[in-house]
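# Per-entry structural report
For reference, the chains in residue letters:
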Amino acid sequence: MNRITQSFVLLVALLSILCGTLFGKTLPPNPQGSDDKTLSPYFFVKSDDPAIDRLPLKSTSADVNIAGVIADVKVTQVYKNEGKKPIEAIYVFPASTRAAVYGMKMTIGKRVIEAKINKREEARRRYEEARDQGKSASLLEQQRPNVFQMNVANIMPGDEIKVDLKYTELLVPTDRIYEFVYPTVVGPRYSNQSAETSPASEHWTKNPYLHQGEAPTYGFDIAVNIAAGLPIKEISSTSHKVNTSYSGPTIAKVALDKSETQGGNRDYVLRYRLDGNRIQSGLLLYQGGKENFFLLMMQPPKRVTNAHIPGREYIFIVDVSGSMHGFPLDISKKLLRNLIGNLRTTDRFNVLLFSGGNSVLSEESLPATPDNIRKAITLIEHQQGGGGTELLPALKRALSLKKAEGVSRTVVIATDGYVTVEEEAFDLIRNHLGDANMFAFGIGSSVNRHIIEGMAHVGMGEPFVLTKSEEADSKAERFRSIIQSPVLTKIKVKYNGFAAYDVEPVSIPDVLAERPVTIFGKWRGKPQGKITLTGISGEGKYTGTIDVSSAKPSKENSALRYLWARHRITLLSDYNKLRSDDRRINEVTELGLSYNLLTAYTSFVAIDTEVRNTSGKPTTIKQPLPLPQGVSDYAVGGVAPSLAFAPAKLGSLKECERQSLREEKVSKDETTKTKAAARIGDLSISGELSRQAVTDVVQKNIRDIERCQAQTTLQGKLVLRLTIAPDGKVKTAKIISSTSTDKNVHQCIAESIKKWKFPKTVDGNAVQATITLLFGM
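Here we summarise the structure given alongside this text.

The rules behind the values
Residue indices begin from 1 for each chain and proceed along its sequence in written order. Whole-chain, interface and lining totals are the exception, using all residues; otherwise, since this is a predicted model, local features are given only for residues with pLDDT of at least 70 and side-chain atom pairs are given and counted only at 80 or more. Remark: hydrogens and water are excluded; side-chain values derive from all non-hydrogen atoms of the structure. Secondary structure counts use DSSP, requiring at least four H or I residues in a row for a helix and at least two E residues in a row for a strand, with both numbered from the N terminus. We call two residues in contact when some of their heavy atoms are within 4.5 Å. The method behind every accessible area is Shrake-Rupley, applied with a 1.4 Å probe, and residues are considered shielded solely by the protein chains displayed. Pairing between strands is defined by DSSP: at least two bridges between them are needed. Note on geometry: axes are lines fitted to C-alpha atoms, helical ones only across the stretch in contact, with angles between N-to-C directions running from 0 to 180 degrees. Pairing of aromatic side chains requires ring centres within 6.5 Å, counting the rings of Phe and Tyr and the six-membered ring of Trp. Pairs whose planes differ by under 30 degrees are stacked, by over 60 edge-to-face, and all others tilted. Relative accessible area decides the class of each residue, using a 1.4 Å probe on protein chains only: under 20% of the type maximum gives buried, over 50% gives exposed, and in between gives partly exposed. Expected span of a helix: the number of residues minus one, times 1.5 Å. In this description, one arc is meant: the one made by directions from the helix axis to the C-beta atoms. Any pair of N or O atoms that falls within 3.5 Å is considered a polar contact. Within protein, one atom must be able to donate a hydrogen and the other to accept it, and sequence-neighbouring residues count only if both atoms are side-chain atoms. We call two directions roughly parallel when the angle between them is under 35 degrees, roughly antiparallel when it is over 145, roughly perpendicular when it lies between 65 and 115, and oblique otherwise. Here a crossing is taken to be left-handed if its near helix is turned anticlockwise relative to the far helix by less than a right angle, and right-handed if that turn runs clockwise. The criterion is simple. A nonpolar core is a set of buried Ala, Val, Leu, Ile, Met, Phe, Trp, Tyr and Cys residues joined through side-chain atoms within 4.5 Å. His is not counted here, nor are the chain ends, while Lys and Arg score as positive and Asp and Glu score as negative. Between Lys or Arg on one side and Asp or Glu on the other, a salt bridge is scored when a side-chain nitrogen of the former is within 4 Å of a carboxyl oxygen of the latter.

## A word on the overall build of the chain
When you go through the chain residue by residue, the secondary structure sums to 13 helices and 38 strands. Across the chain, every contact between residues at least 6 apart in sequence was considered, and the portion connecting residues at least 24 apart equals 76%. With the model as given, the accessible surface of the chain reaches about 34,100 Å², and the carbon-plus-sulfur share is 49%.

Below is the structure:
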């Protein structure tokens, strides 16, 4: 062996050691290859093949027109094929959850093809058929309420294809500040679903990403025109450098600075303020061919004095079930110590604890005296977590508690979301907004956000999520700033001579200093009559009347039909997350088709009539995305910058780095599977063994069960029945019910449990324990 060969072998050995030492042990298969088992993101590796353009998206831009409280947005995506082979481009991008996407068109040269709305499966079928026939086509699908996917097929060499999509959204001011947010990039999302067996709708998560600090490979631009109707003050962007010009006190144009052309790695945030200090009510009308729509917005004054604040009452509903045991309940305790400990002496409050049943601090709310506050905090501090989780009885009991006249009642729900939330619970919240303001706090590191956000949506409130203990104080302060100044309570709306119907929300929450009330609806007949708002303020009864005839219907308000339908779709979708229902799915589908809206069940598809690709199926290219600003390579499965030691053109070391990234990714996949963590949903014990002792053992050994279900996707409930011998050993372990039918998994779980060791029973007799575990709920 010559000296050069020896040196090369030594270098390879050194690289192997470095890979093993710095990056892990056994190297997993290539995430871009056929061995990748899960739908996880991966790092983009640029190909040396000049025939294929792997960066087809050349630019994305937005033209935003804000008129009053409605933003209309046109997004333009430009795709160009600078390679030598036909390609299909796939681009995953974000949007606001409030966006109502109502149109799309594709431009190829001078040909403009308007997209049509179809049922999702039909749109996908038409797109793939056109693609395989060699026609250029585009398909827009909703993968999540705030994640969209664009497919553009048969982009020929030298082609430039432009796709425009249009959406509208309502701008709801907070503390008199209007904020427009344009999301720009979808961050890495992990999934433990199998790439081979998962539905196509989940494949968007397997997407290539650039490394941290790398700029987007496409250009970015955004221009905003504001016609506010009132004088504009204090326009600013907290995210990008912008240039603002005015055409008068009520009209402004905001342009992106030329230095920000690669600013597509962070959300664009624009804020502005309007003049005015009084409670303002505004009415917008739209008269269509078949239906008419209205929007009523009620906004509080800028400043609220104590004289304008009615009496306040707070009812804290606290989840103390088994899944809250430990860390989540500790966060909850810290939050409640802050909220209750900072009540004013003029406030009243109560605490209701719930698991399988519920208990209340007092049958009637108590004054916020130091003694009563200490009593409440002591009650909460003594909770350990255990038992089932039923929210509906707790809500019913809270709303049935005696309430003083003219008092603003706020109900605060603190839970990890792993509770039984019946459809009736959502109905109860919606139908009692006039009796209480509803706010939901999601507690813990793996909150069931669907439930928390759903309760906030139906309660016309804001969701709060606390994943870390140190967030408790800031979230409590944010909550206090919203609810501490109720301007109007017990609000009623009457329509006299104005035929309103299909109105949302069905009841009206209090007007808070930082949260305006918005009412959507339809109307029949002539735009006439009066809308009367009544309520109680700190100064007594309040009445406000709007003459409908003074608000003329305008074609410029056509967005109201989309906003109404989008609000309805969001509400149905929140219910559907609780329990999938074919009737609701059909209603969402019909709304999408009738109002020309993108939904989870309807998609836009545009197909050219000309066959352009006669050489076969195009090469599919997934557009690589930049990591969001501030996000490190670890989000995909990378190495810390201090370990990124690869010199140029050292292929083996680059492969070492890529392999290490893949191991990190697989490690994160395993973490994700563990995070789909089984949580204790219910626990019943027959015999002399404490609930805490059983809970501790289950929590300690719960990963045994997670390992058993690692080869399958176990979702839902798993009910176990254990017989524990007097010496603490598990005598029998049976699975009473499970959403999985895999016998091997069942056998693995039973055998693992039999190895568990509990404390000795108190009375020397065997104990039976029935344990309900929740997976991915």
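## Description of the sheet that holds strand S11 (residues 177-182)
The sheet built from 3 strands is open, its strands ordered S11-S17-S14 with antiparallel pairing. The open sheet has two edge strands with one neighbour each: S11 and strand S14 (232-237). Neighbour-to-neighbour, the strand axes of the sheet open up by a mean angle of 15 degrees, direction not taken into account. Pairing of S11 with strand S17 (residues 268-274) involves 6 bridges; the strand directions are antiparallel.

## Quick word on the packing of aromatic side chains
All chains considered together, the criterion is met by 20 aromatic pairs. Judged by centre distance (5.4 Å) and plane angle (25 degrees), the rings of Tyr-91 and Phe-93 are stacked. For the pair shown, Tyr-91 and Phe-93 are each scored as buried. On the basis of an interplanar angle of 85 degrees and a centroid distance of 5.9 Å, the ring pair of Phe-93 and Phe-148 is categorised as edge-to-face. A residue pair is termed long-range when its members are at least 10 positions apart, and Phe-93 in strand S4 (residues 87-94) and Phe-148 in strand S9 (residues 147-155) qualify at 55 residues. With relative accessibility at 2%, the residue Phe-148 sits in the buried group.

## A word on helix H10 (residues 582-595)
At 3.6 residues per turn, the α-helix brings residues three or four places apart onto the same side. Between the first and last C-alpha of H10 there are 20 Å, a value that for 14 residues agrees with the 20 Å anticipated at 1.5 Å per step. The complete set of buried residues in H10 reads Arg-584, Ile-585, Val-588, Thr-589, Leu-591, Gly-592 and Tyr-595. Looking down the long axis of H10, one finds its buried residues gathered within 160 degrees of arc, a one-sided arrangement. Along H10, exposed side chains directed more than 90 degrees from the buried face belong to Asp-582 and Arg-583. At the N-terminal end of H10, a side-chain oxygen is found 2.9 Å from the backbone nitrogen of Arg-583, two or three residues along, and the residue is Asp-581. The positive-phi residue at the C-terminal boundary of H10 is Asn-596, with phi of around 60 degrees.

## A closer look at the sheet that holds strand S31 (residues 530-537)
Across the sheet, which stays open at both edges, the 4 strands sit in the order S29-S27-S31-S32 with antiparallel pairing between neighbours. For this open sheet the edge positions go to strand S29 (511-512) and strand S32 (540-547), each flanked by a neighbour on one side alone. For strand S27 (residues 486-496) and S31, the ladder comprises 6 bridges, and the chain directions are antiparallel. The residue bridging Tyr-495 from the neighbouring strand is Ile-531, located in S31.

## Details of the packing of helix H3 (residues 327-341) against helix H8 (residues 472-483)
Between H3 and H8, the shortest axis-to-axis distance is 9 Å and the interhelical angle comes to 40 degrees. For the element pair H3 / H8, the angle class is oblique. At the point where H3 passes H8, the crossing takes the right-handed sense. Judged by residue contacts, Lys-334, Leu-335, Asn-338 and Leu-339 of H3 engage Ala-472, Asp-473, Ala-476, Phe-479 and Arg-480 from H8.

## Structural notes on the nonpolar core
Grouped together as the largest cluster of nonpolar side chains are 87 residues, with contacts concentrated most on Leu-140, Phe-180, Ile-222 and Tyr-268. When residues in this core are grouped by element, the largest group, 8 residues, is from helix H9 (residues 559-578). Leu-140 has contacts with Phe-93, Val-101, Met-104, Phe-148, Gln-149, Met-150, Leu-165, Leu-598, Ser-603 and Phe-604, leaving out every residue within four places of it along the chain. Listed in part, the 35 residues of the second largest apolar core include Leu-335, Ile-340, Val-351 and Ile-482.

## A word on the environment of Arg-348
Here Arg-348 is to be found in strand S21 (residues 348-354). Counting along the chain gives 16 residues from Arg-348 to Glu-364, while the straight-line C-alpha distance between them is 9.4 Å. Look past the residues within four positions of Arg-348 in its chain and what remains in contact with it is Arg-312, Glu-313, Tyr-314, Glu-364, Ser-365, Leu-366 and Pro-367. Side-chain polar atoms of Arg-348 contact the backbone oxygen of Ser-365, separated by 2.5 Å.

## Concerning unusual backbone geometry
The peptide bond linking Glu-504 to Pro-505 adopts the cis configuration, its omega dihedral lying at 0 degrees. Note on placement: Pro-505 falls in the loop between strand S28 (499-504) and S29. In this structure, Glu-234 is a non-glycine residue whose phi angle is positive, near 60 degrees. Checked against the element boundaries, Glu-234 lands in strand S14. Residue Glu-234 is classed as exposed on the basis of its relative accessible area, which comes to 56%. Positive phi, normally seen in glycine, also occurs at Asp-502, with a value near 50 degrees. Inspection of the secondary structure assignment puts Asp-502 in strand S28. For Asp-502, a relative accessible area of 40% puts it in the partly exposed group.

## Some points on the side chain of Lys-333
The residue Lys-333 is located in helix H3 in this model. Buried charge Lys-333 goes without a salt bridge, the closest partner of opposite sign being Glu-381 at 4.5 Å. Among residues more than four places away in sequence, those in contact with Lys-333 are Ile-380, Glu-381 and Gln-383.

## What to know about the environment of Glu-291
For Glu-291, the location among the structural elements is in the loop between strand S18 (280-287) and strand S19 (292-299). Along the primary structure Glu-291 and Trp-523 are separated by 232 residues, whereas in three dimensions their C-alpha atoms are 7.5 Å apart. In contact with Glu-291, not counting residues within four places along its chain, are Lys-522 and Tyr-595.

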